[in-house]
Amino acid sequence: AAREEEEKKEGLIEFYDSFKDMFEFFCKNTTIHGTIRLVCSDSNRMKTAFWTLLLLASFGMLYWQFALMFSQYWAYPVVLTMSMHSEPKMFPAITICNLDPYRFELVSKHLVQLDHMAEESIAFLYGIKTSARLSHTNEKNIHVKDLSSMGNLSRSNFKLSQNFSLLRMSDHNNRSGKKHSSVGFRLCNATGGNCFYKTYASGMDAILEWYRFHYMNIMSQLPVIINISDHEEQIEDMVYSCQYDGEPCRPSDYVHFHHPVFGSCYTFNSKGTDPFWTATKPGIPYGLSLILKAEQKDHIPLLSTVAGVKVMIHNHNQTPFLEHEGFDIRPGIATTIGIQQDEVNRLGGNYGKCTTNGNDVNVKLLYNNSYTLQACLHSCFQHIMVRKCGCGYYYYPLPPGAEYCNYNKQPAWGHCFYQLYQRLRNHHLNCFDQCPKPCRESLYKVSAGTAKWPSAKSQDWVRQALRHQNGYNSTSNRKDIAKVTIFYQQLNYQSVNESPLLSENLLLSSMGSQWSLWFGSSVLSVVEMFELLIDTLVLSLLFCYQRFRSKKTLKVAHTPTIPS
């Protein structure tokens, strides 16, 4: 009996007599709960069948839960975690524009002709005689120096096209039966066989867009790079007073550039590296305070119907896209703007599409500043515009070797551009697929308050003080100044971080929990199941080998002997 007991002990390599012995040994010695009931109840077939079905059902539920976990894991969901941080930080970059673009002498004659066309169009549409030029004839035009091709440009053969006249169109509303009118202009392709009307329900919007369309064609006559440093406005012509944290601003605190629509612009703290702009305290006294010249010289009045100043708050080393994110400051008003910073950190990779610095984006950026979504979208659209239309959109930078659109050279570019731009707005171009969001992004929430400034009782001495100290000159009662104060409401900022909803560790933990729930076992139980599979495979090979040997022996035994 002792010898039989010793033989039944498990050896280094087990050779079972049958699959039944192997399965019985597994069920009696495994750590998986419930398997022993398959062999201890072999005399009761009903119990054996019940426990067999129960174990199979548990296996089915376990692997169904595993399938749900893996499908959720491979979907790469994220969870947003919010945290608050409080520390001194850098003041954001502030861009201001006077909404008064230059009237370059090189194209001044064509702009005067365009103003006459605008006057005639307004009179035709509304029967109103108006002067679109207003007072700009007395203004000094900007003269571009040191251009070798200036003479050729000034004597160019550019002519304003008469093929884009403003028209009033009427249509009937089928539901209400009322008659509605719209205003627009006609655009055709190169052959003239495909045309459409660029229409607006508002006549004012139609006139502004029609004027901008002609304006882009005129401005395309200018060189791509214009050095305006010799004739640019001094900042004192626009900013009468500038203080940050109670200290006067310095000449190194701002950079100047010219925007074709928003005019002369200045960006304060553009780089964000000067310790002077470190924000140490929240509140109005510790922010940026500006007294601005808010009158409109009316150089090119029909480019915009707004008078005042354009302001945008943005990140450092970022191109300000004022047409998308800027807001207007009214003349004669003191505006206080409180800002609150939010920081967004995206995971990227399998969890979402984002870029760290734009180097992995397929679109070649046309802007020299850091990567932003708008910079990528504009660059993508410009590349498609040059490829499809043969020329570039005037308000965006040009790729190397391209030129700006001009209907004297490309008569059908307007037809091509407006269709492409509509496709971009409807997300039918692949620019939104090619341009991911930045993985790390700072956003600024803005809240503003306004009050009349200067008040009726203080306006005389305020204007007098500005006149003596800052060279302010006003001969009319027109509200031509504005005050802006931009400050941090709080120095603490909110950080929104993406983290995996189901990480590798959490996945393994959840799988272990399910395995323990259905079988009350551990990782070692999984090893035991693998061992059972290996033993089954080895035993099958041994049985096949024994059967092959037995057949071969039987065949040799039945072979007849040949007599000598």
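Everything quoted here is computed from the prediction, not taken from an experiment.

K.L.:
For this particular structure, what's the right way to read the state of the cysteines?
P.N.:
Every disulfide links exactly two cysteines, by a covalent bond between their sulfur atoms. Scanning the entire structure with this criterion turns up eight disulfides. In this model, cysteine 242 is linked to cysteine 249 through a disulfide, with the two sulfur atoms separated by 1.9 Å. Sign of the S-S torsion, about -60° for the bond between cysteine 242 and cysteine 249, identifies this disulfide as left-handed. Per residue, the accessibility class of cysteine 242 equals that of cysteine 249, and both read buried. Disulfide pairing is shown between cysteine 389 and cysteine 416; the S-S distance is 1.8 Å.

K.L.:
For this particular structure, what's the right way to read the UniProt feature "transmembrane region" (unreviewed entry) in the protein chain?
P.N.:
Sequence positions flagged by UniProt for "transmembrane region" (unreviewed entry) are, in local numbering, residues 53–76. Helix makes up 92% of residues 53–76 and strand 0%, and the two end C-alpha atoms of the span are 35 Å apart.

K.L.:
Can you help me understand the side chain of glutamine 340 in this one?
P.N.:
Here glutamine 340 shows up in strand E15 (residues 333–345). Among the polar contacts listed, one links the side chain of glutamine 340 to the backbone oxygen of asparagine 492, at a separation of 2.8 Å.

K.L.:
Hey, could you run me through the nonpolar core in this one?
P.N.:
The tendency in soluble globular proteins is for nonpolar side chains to be buried side by side. Counting 69 residues, the largest nonpolar core has Trp210, Tyr211, Tyr215, Tyr395 and Trp413 as its most contacted members. Elements that contribute at least two residues to this core include exactly helix H5 (108–126), strand E5 (179–188), helix H7 (203–219), helix H9 (373–389) and helix H10 (413–425). Broken down by element, the residue count for this core peaks at nine residues, all from H7. Excluding residues within four positions of it along the chain, tryptophan 210 makes contact with Leu114, Met117, Ala118, Ser121, Phe164, Ser165, Leu166 and Phe185. One finds Phe268, Leu288, Ala294 and Ala482 within the second-largest nonpolar core, a separate group that totals 29 residues.

K.L.:
Sorry if this is basic, but what is going on with helix H4 (residues 45–74) here?
P.N.:
Given 3.6 residues per helical turn, the α-helix brings residues three or four places apart onto the same face. For H4, built from 30 residues, the straight-helix expectation of 44 Å at 1.5 Å per residue is met to within 8% by its first-to-last C-alpha distance of 43 Å. When H4 is considered as a whole, its buried residues turn out to be Thr48, Leu55, Ser58, Leu62, Gln65, Phe66, Met69 and Tyr73. Where H4 is buried, its residues contact helix H3 (37–40) and helix H13 (504–519). Two residues or fewer past H4, tyrosine 76 is found with a positive phi of approximately 50°.

K.L.:
Whenever I open this one, the packing of aromatic side chains confuses me. Can you help?
P.N.:
In this description, an aromatic ring pair is defined by two values, namely the gap between the centres and the angle between the planes. All chains considered together, the criterion is met by 34 aromatic pairs. Aromatic pair phenylalanine 50 and tryptophan 51: ring centres 5.9 Å apart, planes at 80°, arrangement edge-to-face. With a centroid separation of 6.2 Å and an interplanar angle of 45°, the aromatic rings of phenylalanine 213 and tyrosine 418 are classed as tilted. Of this pair, phenylalanine 213 sits in helix H7 while tyrosine 418 is found in helix H10, placing the two residues 205 residues apart along the sequence. According to the relative accessible area criterion, tyrosine 418 is buried, its value standing at 6%.

K.L.:
What exactly am I supposed to notice about the environment of valine 79 here?
P.N.:
With respect to the helices and strands, the residue valine 79 is situated in strand E1 (residues 78–86). Sequence separation between valine 79 and serine 499 is 420 residues; the distance between their C-alpha atoms is 5.5 Å.

K.L.:
Just to check I follow, could you spell out H7 for this structure?
P.N.:
Here H7 is 17 residues long and its end C-alpha atoms lie 24 Å apart, about the 24 Å a rise of 1.5 Å per residue gives. Along H7, 14 of the 17 residues are buried, which leaves the element largely enclosed by surrounding structure. Where H7 begins, the side chain of serine 202 points an oxygen toward the backbone nitrogen of methionine 204, at a separation of 3.3 Å.

K.L.:
Would you explain the confidence of the model for the protein chain in this entry?
P.N.:
Low pLDDT means the predicted coordinates in that region are not meant to be read closely. Residues with a pLDDT of 70 or more make up 85% of the protein chain, whose mean pLDDT is 83. When the criterion is pLDDT under 50, residues 134–138 qualifies, and its contacts beyond four places in sequence or with other chains add up to nine contacts. Taken as a whole, residues 146–155 scores under 50 in pLDDT and shows nine contacts with residues more than four places along the chain or in a different chain.

Calculation notes
Sequence positions are assigned chain by chain, starting from 1 and proceeding in written order. Thresholds applied to this predicted model are a pLDDT of at least 70 for local features of residues and 80 or more for the giving and counting of side-chain atom pairs; totals over whole chains, interfaces and linings are not thresholded and use all residues. Only hydrogens and water are set aside when side-chain values are computed; all heavy atoms of the structure are taken into account. Cysteine sulfur atoms that come within 2.5 Å of each other are treated as a disulfide pair. The cut-offs for exposure are 20% and 50% of the maximum accessible area for each residue type, with area from a 1.4 Å probe on protein chains only; residues under the lower value are buried, those over the upper are exposed, and the others partly exposed. UniProt positions are given in the numbering used here, feature names are shortened, and annotations may be inferred rather than shown by experiment. Elements are defined by DSSP. Helices are runs of H or I of four residues or more, strands are runs of E of two residues or more, and each kind is numbered from the N terminus. Here a polar contact is recorded for every N or O atom pair within 3.5 Å, except that within protein the pair must consist of a potential hydrogen donor and a potential acceptor, and residues adjacent in sequence are included only if both atoms are side-chain atoms. Residues belong to a common nonpolar core when they are buried Ala, Val, Leu, Ile, Met, Phe, Trp, Tyr or Cys residues joined through side-chain atoms within 4.5 Å. Note on contacts: a residue pair qualifies if any of its non-hydrogen atoms lie within 4.5 Å across the two residues. Multiplying one less than the number of residues by 1.5 Å gives the expected span of a helix. Note on ring pairs: Phe, Tyr and Trp rings are taken, using the six-membered ring of Trp, and paired if centres are within 6.5 Å. Classes follow the plane angle, with under 30 degrees stacked, over 60 edge-to-face and the rest tilted. Note on scores: pLDDT gives the predictor's confidence for each residue, bounded by 0 and 100.

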